[in-house]
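One letter stands for each residue in the lines below.
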Amino acid sequence: MVDSLNPLLVALIPLGFLLMIAYTIGKIYGKARADGVRITPEQFGEVHAEWVAIAEKLGLKTVPELYIQNGNGTLNAFATCMPGYHAFGVIYADILERALANDDRDALRFILGHELGHIRLKHVMWWYNLLTFIGNMPGLNYLIGEPLSRAREYGCDKLGHALAADRDCKGLLMLAAGKHLYRQINIDAYEKEHIQGSQYWASVHNFFIDHPVINWRIAAIRQNRHGDLFWAKKAK
């Protein structure tokens, strides 16, 4: 069976993967450029200054581009990289609008630091995406691919928290309670209810997703420990 394999086709598999990645990310970059707004000193200069300052603190030699994009109510931000080209970040408009309206610099720094963390830790590189692709093959995804993704998120949460000193985890609470109500959450009561309580069904839910459940992410920050990948540690 091995002898029957065409060496040329085998050699072309990595090239095909790179072309697929370039096409996929190219569309994302094209959408950001065409439908979004690039954040510059002239466009949302205060946000650009925060982005540049965080990039410098993380030791990035080149400051990645950052774009605002309309998410139609979705609260999200992400960072990625064109293979062999450059990294860039996108923050959805609803997150940015609410952080600026509330003058919530801690939440904004956490979110920007988290995304720049993905770039600093090389999570956006093509070779890392190749490893991720292999780890997400059917049968491996629940044991390798998604736990690896969850570990990445915890690592970037740590960086975002260190840069923002967001002890109340407002950047994560926005994802839990929404952009209007997150500032009204009592973090101590939240911790008692959602972190110190039963985690059985949260563990079931967490097993099937590529980002850790939000209360586990908050627990890792509040308790200054490694995040849980499969099941939650009992609160001390």
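## Some points on the overall build of the protein chain
The helix and strand tally for the protein chain stands at 10 helices and four strands. Reading the protein chain from its N end, one meets helices and strands in the order α-β-α-β-β-β-α-α-α-α-α-α-α-α. Its C-alpha radius of gyration of 19 Å places the protein chain within 12% of the 18 Å reference for a compact globule of 236 residues. Taken along the three principal axes of its C-alpha coordinates, the protein chain extends 65 × 50 × 35 Å.

## As for the pattern of salt bridges
Scanning all chains against the criterion turns up 15 salt bridges. With a closest N to O distance of 3.4 Å, Arg105 and Asp103 form a salt bridge. Judged by relative accessible area, Arg105 falls into the partly exposed class, the value being 27%. One network of salt bridges, in which partners are shared, links Glu50, Asp103, Arg105, Asp106 and Arg109.

## A short note on the packing of helix H2 (residues 45–57) against helix H4 (residues 105–120)
Angle between the axes and distance between the axes are the two parameters that describe a pair of packed helices. Where H2 contacts H4, the two axes come as close as 10 Å, and the packing angle between them is 50°. Taken together, the axes of H2 and H4 are oblique relative to one another. Note on packing geometry: the crossing formed by H2 with H4 is right-handed. In contact with Glu46, Val47, Glu50, Trp51, Ile54 and Ala55 of H2, H4 contributes Arg105, Leu108, Arg109, Leu112, Gly113 and Leu116. Grouping the amino acids of the contact of H2 with H4 by side-chain chemistry returns seven nonpolar, one polar and four charged.

## Digging into unusual backbone geometry
Its identity as a non-glycine residue notwithstanding, Lys122 has a phi of 70°, on the positive side. Of note, Lys122 is situated in the loop between H4 and helix H5 (126–135). Not every positive phi belongs to a glycine, and Asn224 is a case in point at roughly 50°. Relative to the elements of secondary structure, Asn224 occurs in the segment after helix H10 (214–222).

## A word on the packing of aromatic side chains
Under the definition given, this model contains eight aromatic pairs. Here the aromatic rings of Tyr142 and Phe207 are separated by 5.4 Å at their centres, their planes lie at 20°, and the arrangement is stacked. Highlighted residues: Tyr142 in helix H6 (residues 141–164) and Phe207 in helix H9 (residues 200–207), separated in sequence by 65 residues. Residue class for Phe207 comes out partly exposed when judged on its relative accessible area of 27%. Ring centres of Tyr142 and Phe208 lie 5.4 Å apart, and the angle between their planes is 80°; this geometry places the pair in the edge-to-face category. Within this pair, whereas Tyr142 is found in helix H6, its partner Phe208 is found in the loop between H9 and H10, the two being separated by 66 residues in sequence. By relative accessible area, which is 32% here, Tyr142 ends up partly exposed. Three or more aromatic residues joined by ring pairs make a cluster, and in this case those are Tyr29, Tyr67 and Phe88. Geometry around Phe230 places Arg150 over its ring, the cationic atom sitting 5.6 Å from the centre.

Calculation criteria
Residues numbered from 1 in each chain as written. Predicted model: local features only at pLDDT ≥ 70, side-chain atom pairs only at ≥ 80, totals over all residues. Heavy atoms only, no water. Helix = DSSP H or I, 4+ residues; strand = E, 2+ residues; numbered from the N terminus. Rg over C-alpha atoms; globule rule 2.2 N^0.38 Å. Salt bridge = Lys/Arg side-chain N within 4 Å of Asp/Glu carboxyl O. Buried < 20%, exposed > 50% of the residue type's maximum accessible area, 1.4 Å probe, protein only. Axes fitted to C-alpha atoms, helices over the stretch in contact; angles between N-to-C directions. Parallel < 35°, antiparallel > 145°, perpendicular 65-115°, else oblique. Left-handed = near helix turned anticlockwise from the far one by under 90°. Contact = heavy atoms within 4.5 Å. Nonpolar A, V, L, I, M, F, W, Y, C, P; charged D, E, K, R; others polar. Phe/Tyr/Trp six-rings, centres within 6.5 Å; stacked < 30°, edge-to-face > 60°. Lys NZ or Arg CZ within 6 Å of the ring centre and 35° of its normal.

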